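As a plain string of letters, each chain reads:
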Amino acid sequence: MRYLPLTPSDRQAMLAKVGAKTIDDLFADVPEAARLDGPIRDLPPHASEMAVERHMSRLAAKNQTAGDGPFFLGCGAYKHHVPATVDHIIQRGEFLTAYTPYQPEIAQGTLQMLFEFQTQVARLFGVDVANASMYDGSTACWEAITMARRVTKRAKAILSGGLHPHYVSVANTMAKFTGDHLVTATPTLTAEPDTADLIGQIDDDTSCVVVQYPDILGRIGDLSDLADACHAKKALLIAVVTEPVALGAIKSPGEMGADIVVGEGQSIGVGLQFGGPYLGLFGCSQKLVRQMPGRLCGETTDSEGKRGFVLTLSTREQHIRREKATSNICTNSGLCALAFSIHMTLLGEAGLRKLAAANHARACQAAERLSKVPGVELVSDAFFNEFTVKLSQEARPVVRALADRGVLAGVSLGRLFPEAAELANGLVVAVTETVTDEDIEALATGLQEALA
Amino acid sequence: MSRYFTEDHEWIDLDGDIATVGITDYAQGQLGDIVFVETPEDGKQFAKGDEAAVVESVKAASDVYSPVSGTVTEGNSALDDNPALVNEDPEGEGWFFKLELRDAGELDGLMDESKYKKFVESL
Amino acid sequence: MSINQSGWRPEMGNSGNGCGGPATYTGNRALMLEEPLLFEIGKLSNTGLDIEEVKAPASRLGGLERKADIGLPGLSEPETVRHYTRLSRQNYAIDLGLFPLGSCTMKHNPRLNERVARMPGFADIHPLQPVDTVQGALEVIHQLAHWLVTLTGMHSVAMSPKAGAHGELCGILAIRAALEARGDTRSVILVPESAHGTNPATAAFAGYKVENIPATKDGRVDLAALQERLGPDVAAVMITNPNTCGLFERDMKAISDAVHAAGALVYCDGANFNAIVGRVRPGDLGVDAMHINLHKTFSTPHGGGGPGSGPVVFSEALTSFAPLPFVEKTADGFALVEEETAGEHHARSFGRMVAFHGQMGMFTRALAYILSHGADGLKQVAEDAVLNANYILRSLEDVLDAPFAASGPCMHEAIFSDAGLAEGFTTLDIAKALIDEGYHPMTMYFPLVVHGAMLVEPTETESKDTLDQFIGALRSVAERAKAGDEALKGAPYYAPRRRLDETQAARKPVLVWNEPQQAEAAE
């Protein structure tokens, strides 16, 4: 077997050294009844690289990829161009096959990268500090809610109807067990996000308000009044950003007063990957840092006075604090953080602003074109690269029909909110820089025919 | 003013009914470089044995238990910026918190300086 | 022994710049290149990408334009490649050499798996595409699930957990859901002191009180003490098997039976499944839930700290409580069971743990790994991993204290303690000296039950020659630590950095870069 270097004679020599006759002697502690004798059921013997590649290729070929045709899906995962450099560098063995940087003297590459990543995320979000990543946006969102509980010592969180329903679902699952009280809502197909409703609900028991920006329908609105209302009641404002490219065009949540900003970093450097691995982003104000979950990289010096980096404030974490840790997270999304950081370095401020402008321009073109299709109505006029349209009929079958024509038209709200009949005609359309004029035309034509 | 010691390596100074609490020189030596101390907020009520403060070195976090019952009157804010005070002057400037004593009788079982010294030697 | 034929000795290098030669103008040392921070070399106006401009109709940003500078410097493509390539060379990695981190399972990462994961059919599909456009992806999940269930002898598997600790949470939440479904409000989870820190952290996160299970002198769970503690308040026990001392819990079946008799459930931390894959099925040992770290047993890369993937296998008792979503095979192909389709058939599911469907990019790699090894190869994986660890244990037990050496063979990792080192010499000194010898150190100071623990896990992907050289190096370092060689205290001498000041980092945390003038103004 090509991955196993020991030869039969090595094994014999080593067994002799350890004083065992056969390998079975080394498994002597396993009770007889639990030993698996004979081959593993159904599993064929080892296979060549070519054979495995063929098997996997055949499975891959059964999928319709985002690159196969016009593509407009978003809602928490976005198709952006990932530069070739990103994938080249993350495959360097020194990054790919390294462990968590527990021995800093021989992990400065990973550590310096994380320090740069933390700085990039903090600046993008407009907050003081960011951590070295979480699993994804949905788990980062829940961790933020528990962090607000620790900070405010209150357990009632108000979740905006504009928050991704999967994120709400994750929080609901966890809250059942932790006893947190969550106030949730279903979005409505109105032009404005539900900021005013949220402000009205904040009371003295509220630990935090969680709002997505841009929200699940793609809408954007100023968060400043909401932040003020939270702070007046000593509650925290948590902003969730599922499309970080947006922050190259619109104000950051931190600038508008959010205390904790979390998000999904997949858009920058990571790719679609059917939902994972993704990249949880987590930032907050300096004064909250000791309640933060996850790993943090910090600057220090070595014994010769040279600058270097280490994992720090580890006493918050599970390997030291055990049952009193801020979170149970251990492994995070290190390599995805590297991909994000490389892509962000290639972009730079100038590139990010151009990329964001291109996304917004494409989205505006698409919105304009789709508005002209009979039976299509634009829900909101303030958005970044994703907007919701209300169709004259249920959106889900329409999406289905367009997929058969090779157009992946967007995410129907019926898929995301199956219980909410009033949303069934909603279709969320994401338009990134990867979309062409022809793609927009194909979508418009497809919708026109499907709705006719 | 009299000073008492606990087997958890805390010291208590009593001045009227105000008790000042800190950790002993022996304890700071065992913990190593202190990097963070979380002291309790004013007004917080503790029963004897409640977790009252947290002291952290790079690789360990330890709870400090309230050696007596009472109400916190002050946490040592100097430790926020300079946790190293606990290493430099544990039984002076590096105190953790003060509380208003509820039951002076709780001090009865505690050690005095010479008994504590013997206790540490026995460890 | 001729371990150092060159006559170049560490103590000779202790001259300020770490390698005995004169200081250089650049601070570089030949191939060891210093690299400034991105923020010191990049500019806001620089970019490494040519982005096509799109003619925009009127902006629709609702007056929310971000006007102020964000502060994100960029680099051209060649500068970017060089920046990260230089950083990469300051890392140790499996691709460079033996990485014997106990409990972490740093084995070779096959490159076929990287190629497979990047096939557009897997890498370029959206999680919310219509289900019939992603049948191949669902089939991958279904196939991998099948093999995980088969290999563990369990009843079902939840694929969505994002990493080991997330899998632990999944298992404990299923246990709690099952107990609550029968109206049982047990509040305590028992965890051995030798457990990974994630175990008690997970139990606490799920709302349980945590109590320790005592261990016997030979490094295993104390069955009698456990039986004594079991009672109507105990919800579950969390046991790592093989355990973190590298030993198989011989009494596992008896433990499971006792736990079940007391009305509680058995969670197994499967971080060490690599030691028994293909030889032992946890399902035969009475386990109710166990996570599998795909990034350990099934070789998906650790990536400098993730991403991982932590599917959880369940016994029949817990299967109906498993989280959403999951993949089901139907007459029409593969279906995705989510909130909408769970219906009455899966009404007891404890809910969703994560947006979307789990770590697809890890599933493809792990499936390629399993198919590459096949039935014979996977069994050989466990056997070689165990043989390699025992070889290290028996080759070093004369020079390093091996607290459980008399307990019989170890499994996939060998444990040593700091007993017998000269006064003032520690496990840390040994670890840092190994860095100079060109190795990543073993896991140190874990598990907590062994003083100054050194946990060595070689894995099955190391050759005998590699092991022999490592044994020689560790022997040499151990002998120096026993002899009180002061030079050890300064190690590492040859790494990109000497020992780093972690106290300074924690007392005044600097977690992001600030422009120098800004930093001055703040002071």
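Residues numbered from 1 in each chain as written. Chains lettered and ligands numbered in written order. Predicted model: local features only at pLDDT ≥ 70, side-chain atom pairs only at ≥ 80, totals over all residues. Heavy atoms only, no water.

Observations regarding the overall build of chain C
As a reminder of what qualifies: Secondary structure elements follow DSSP: runs of H or I no shorter than four residues count as helices, runs of E no shorter than two count as strands, and numbering proceeds from the N terminus. With the radius of gyration taken over C-alpha atoms, the globule rule is written as 2.2 Å times the number of residues to the power 0.38. Relative accessibility decides the category of a residue: with a 1.4 Å probe and only protein chains considered, values under 20% of the type maximum give buried, values over 50% give exposed, and everything between is partly exposed. We call two residues contacting when some pair of their heavy atoms lies within 4.5 Å. Where accessible areas are quoted, they stem from the Shrake-Rupley method and a 1.4 Å probe; at the residue level, only the protein chains shown are allowed to cover.
When you go through chain C residue by residue, the secondary structure sums to 16 helices and 12 strands. Compactness check: chain C gives a C-alpha radius of gyration of 26 Å against a globular reference of 24 Å for 523 residues, within 12% of the reference. In terms of overall dimensions, chain C has a C-alpha envelope of 80 × 75 × 50 Å along the principal axes. Going through the 523 residues of chain C one by one, you find that 66% of them count as buried. Sequence separation of 24 or more characterises 72% of the internal contacts of chain C that already satisfy a separation of 6 or more. Only carbon and sulfur atoms are counted for the fraction: they give 51% of the accessible area of chain C, which is about 17,700 Å².

Section: the domain arrangement of chain A
Residues and elements named next belong to chain A. Put simply, the rule is: Marked domain ranges trace back to an automatic or database domain assignment. Each of two parts loses accessible area, computed with a 1.4 Å probe, when they are put together; buried area is these two losses added. Basic side-chain nitrogens of Lys or Arg form a salt bridge, by our definition, when they fall within 4 Å of a carboxyl oxygen of Asp or Glu. We define a polar contact as two N or O atoms separated by no more than 3.5 Å, with the added condition that, inside protein, one atom must be a possible hydrogen donor and the other a possible acceptor, whereas residues neighbouring each other in sequence contribute only through side-chain atom pairs. Three classes are used: nonpolar for Ala, Val, Leu, Ile, Met, Phe, Trp, Tyr, Cys and Pro, charged for Asp, Glu, Lys and Arg, and polar for all others, with Gly counted as polar.
Each domain of chain A was delimited in the assignment, giving domain 1 (84-344) and domain 2 (349-451). Its C-alpha centre places domain 1 at a distance of 28 Å from the equivalent point of domain 2. Contact with domain 1, which involves 20 residues of that partner, is made by 22 residues of domain 2. Considering only the side of domain 1, the residues that lose the most area to domain 2 are Leu189, Leu217 and Val245, jointly responsible for 30% of the buried surface there. Linking domain 1 to domain 2 there are 0 salt bridges. Counting every contact that joins domain 1 to domain 2 gives 5 residue pairs in polar contact (both at pLDDT 80 or more). Counted by class, the side of domain 1 that touches domain 2 contains 13 nonpolar, 5 polar and 2 charged residues.

Concerning the interface of chain C and chain B
Tallying the contact residues gives 5 residues for chain C and 9 residues for chain B. Between chain C and chain B, the buried area comes to about 550 Å², and carbon and sulfur atoms account for 49% of it. It is Glu502(C), Thr503(C) and Arg507(C) in chain C that bury the most area against chain B; as a group they hold 77% of the surface buried on that side. Across the contact surface, chain C and chain B share 4 residue pairs in polar contact (both at pLDDT 80 or more).

So, unusual backbone geometry
Residues and elements named next belong to chain A. Between Gly276 and the following residue, Pro277, the backbone shows a cis peptide bond with an omega angle of 0°. Here Pro277 shows up in the loop between strand E6 (260-264) and strand E7 (280-284). Backbone geometry places Gln273, a non-glycine residue, at a positive phi of 45°. Within the element layout of this structure, Gln273 appears in the loop between E6 and E7. With relative accessibility at 13%, the residue Gln273 sits in the buried group.

Re the packing of aromatic side chains
For clarity, the cut-off: When two rings of Phe, Tyr or Trp (its six-membered ring) have centres within 6.5 Å they constitute a pair, described as stacked for plane angles under 30 degrees, edge-to-face for angles over 60, and tilted for the intermediate range.
Evaluated as defined, the whole model comprises 14 aromatic pairs over all chains. Pairing Phe383(A) with Phe387(A) gives two aromatic rings, centres 5.2 Å apart and planes at 50°, and the pair type is tilted. When its relative accessible area of 2% is taken as the criterion, Phe387(A) is described as buried. Each residue in the set Phe5(B), Tyr116(B) and Phe119(B) is aromatic and connected to the rest through ring pairs, giving one cluster.

Notes on a negative patch on the surface
In plain terms, the rule: What makes a patch is a set of residues exposed beyond 30% relative accessible area and free of salt bridges, joined within 9 Å when like-charged and within 5 Å when nonpolar (Val, Leu, Ile, Met, Phe, Trp, Tyr). When charges are counted, neither His nor the chain ends are considered; positive counts come from Lys and Arg and negative counts from Asp and Glu. Note on charges: their place is set at NZ of Lys, CZ of Arg, CG of Asp or CD of Glu.
Together, Glu38(B), Glu41(B), Asp42(B) and Glu74(B) give the surface a local cluster of negative charge. Checked against the element boundaries, Glu41(B) lands in the loop between strand E4 (34-38) and strand E5 (45-46).

Points about the sheet that holds strand E10 (residues 376-378) of chain A
Residues and elements named next belong to chain A. Where we set the bar: When DSSP finds two or more bridges between a pair of strands, those strands are recorded as paired.
Here we have 4 strands laid out as an open sheet, ordered E10-E11-E13-E12, and antiparallel in their pairing. Lying at the two open borders of the sheet, with one neighbouring strand each, are E10 and strand E12 (411-412). As paired strands, E12 and strand E13 (residues 426-430) are joined by 2 bridges and run antiparallel to one another. Bridge pairing links Val411 to Val428 in E13.

Some words on the packing of helix H5 (residues 135-152) of chain C against helix H12 (residues 360-396) of chain C
All names here are of chain C. Formally: All axes are obtained by fitting lines to C-alpha atoms, using only the stretch in contact for helices, and the reported angles, taken between N-to-C directions, cover 0 to 180 degrees. Each angle receives one of four descriptions, namely roughly parallel if under 35 degrees, roughly antiparallel if over 145, roughly perpendicular if within 65 to 115, and oblique otherwise. Put simply, a crossing is left-handed when the front helix is turned counterclockwise from the back one by less than a right angle, and right-handed when it is turned clockwise.
Here H5 crosses H12 at 45°, and the two axes come no closer than 10 Å. Judged by the inter-axis angle, H5 sits oblique to H12. The handedness of the crossing between H5 and H12 comes out as left-handed. Seen from H5, the contacting residues are Ala137, Val140, Ile141, Gln143, Leu144, Trp147, Leu148 and Leu151; seen from H12, they are Met360, Phe363, Thr364, Ala366, Leu367, Ile370, Leu371 and Leu378. In terms of residue class, the contact of H5 with H12 is built from 14 nonpolar, 2 polar and no charged.

A closer look at the domain arrangement of chain C
Note: interface size is frequently given as the accessible area lost on complex formation between the parts. All names here are of chain C. Each assigned domain of chain C is listed here: domain 1 (135-369) and domain 2 (377-507). Here domain 1 and domain 2 have C-alpha centroids that lie 30 Å from each other. Every contact between the two is made by 26 residues of domain 1 and, on the other side, 21 residues of domain 2. Summed over both sides, the interface between domain 1 and domain 2 buries roughly 1,900 Å², with carbon and sulfur atoms accounting for 64% of that surface. In this structure, Glu383 engages Arg279 in a salt bridge whose closest nitrogen and oxygen atoms are separated by 2.7 Å. Taken together, the connections running from domain 1 to domain 2 amount to 7 residue pairs in polar contact (both at pLDDT 80 or more). Tallied by class, the residues present in the side of domain 1 that touches domain 2 amount to 11 nonpolar, 9 polar and 6 charged.

Here we look at the UniProt feature "domain: Glycine cleavage system P-protein N-terminal" (unreviewed entry) in chain A
Heads up, the rule is: UniProt positions are given in the numbering used here, feature names are shortened, and annotations may be inferred rather than shown by experiment.
The sites that carry the UniProt feature "domain: Glycine cleavage system P-protein N-terminal" (unreviewed entry) are, in the present numbering, residues 1-444 of chain A. Secondary structure content for residues 1-444 of chain A is 36% helix and 14% strand, and the end C-alpha separation is 54 Å.

Quick notes on the pairing of strand E9 (residues 307-312) of chain A
Of all 6 residues in E9(A), 5 are buried, a share of seventy percent or more. Hairpin connection from strand E8 (residues 296-301) of chain A to E9(A): 5 residues lie between these consecutive antiparallel strands, with Gly305(A) at a positive phi of about 85°.

With respect to the UniProt feature "domain: Glycine dehydrogenase C-terminal" (unreviewed entry) in chain C
In the numbering used here, UniProt assigns the feature "domain: Glycine dehydrogenase C-terminal" (unreviewed entry) to residues 383-482 of chain C. Counting secondary structure, residues 383-482 of chain C comes out at 43% helix and 8% strand; the distance between its end C-alpha atoms is 33 Å.

Looking at the interface of chain C and chain A
Taken together, the 217 residues of chain C in the interface contact 200 residues of chain A. The three residues of chain C that bury the most area against chain A are Arg60(C), Arg66(C) and Leu511(C), which together make up 6% of that side's buried surface. The interface formed by chain C and chain A includes 16 salt bridges. Between Arg307(A) and Glu40(C) there is a salt bridge whose closest N-O contact spans 2.8 Å. The tally of links from chain C across to chain A stands at 105 residue pairs in polar contact (both at pLDDT 80 or more). In terms of residue count, H12(C) provides more of the side of chain C that touches chain A than any other element does, 27 residues in total. Tallied by class, the residues present in the side of chain C that touches chain A amount to 108 nonpolar, 61 polar and 48 charged.

Examining the packing of helix H7 (residues 165-178) of chain A against helix H6 (residues 164-181) of chain C
Between two packed helices, the angle of one axis relative to the other and the distance separating the axes together describe the packing. For the pair H7(A) and H6(C), interaxial distance at closest approach is 11 Å and the crossing angle is 60°. Between H7(A) and H6(C), the angle is such that the two are oblique. When the axes of H7(A) and H6(C) are compared, the crossing they make is left-handed. Within the contact between the two elements, H7(A) uses Met174(A), Lys176(A) and Phe177(A) and H6(C) uses Leu169(C), Leu173(C), Arg176(C) and Ala177(C). Class assignment for the residues of the contact of H7(A) with H6(C) results in 5 nonpolar, no polar and 2 charged.

Here we look at the sheet that holds strand E5 (residues 236-241) of chain A
Residue and element names in this part refer to chain A. What the 7 strands build is an open sheet, ordered E1-E7-E6-E5-E4-E2-E3; its pairing is mixed. Sheet topology places strand E1 (129-130) and strand E3 (181-183) at the edges, where each strand pairs with a single neighbour. With 2 bridges connecting them, E1 and E7 associate as antiparallel partners. In the strand pairing of E7, Val129 is matched with Cys284.

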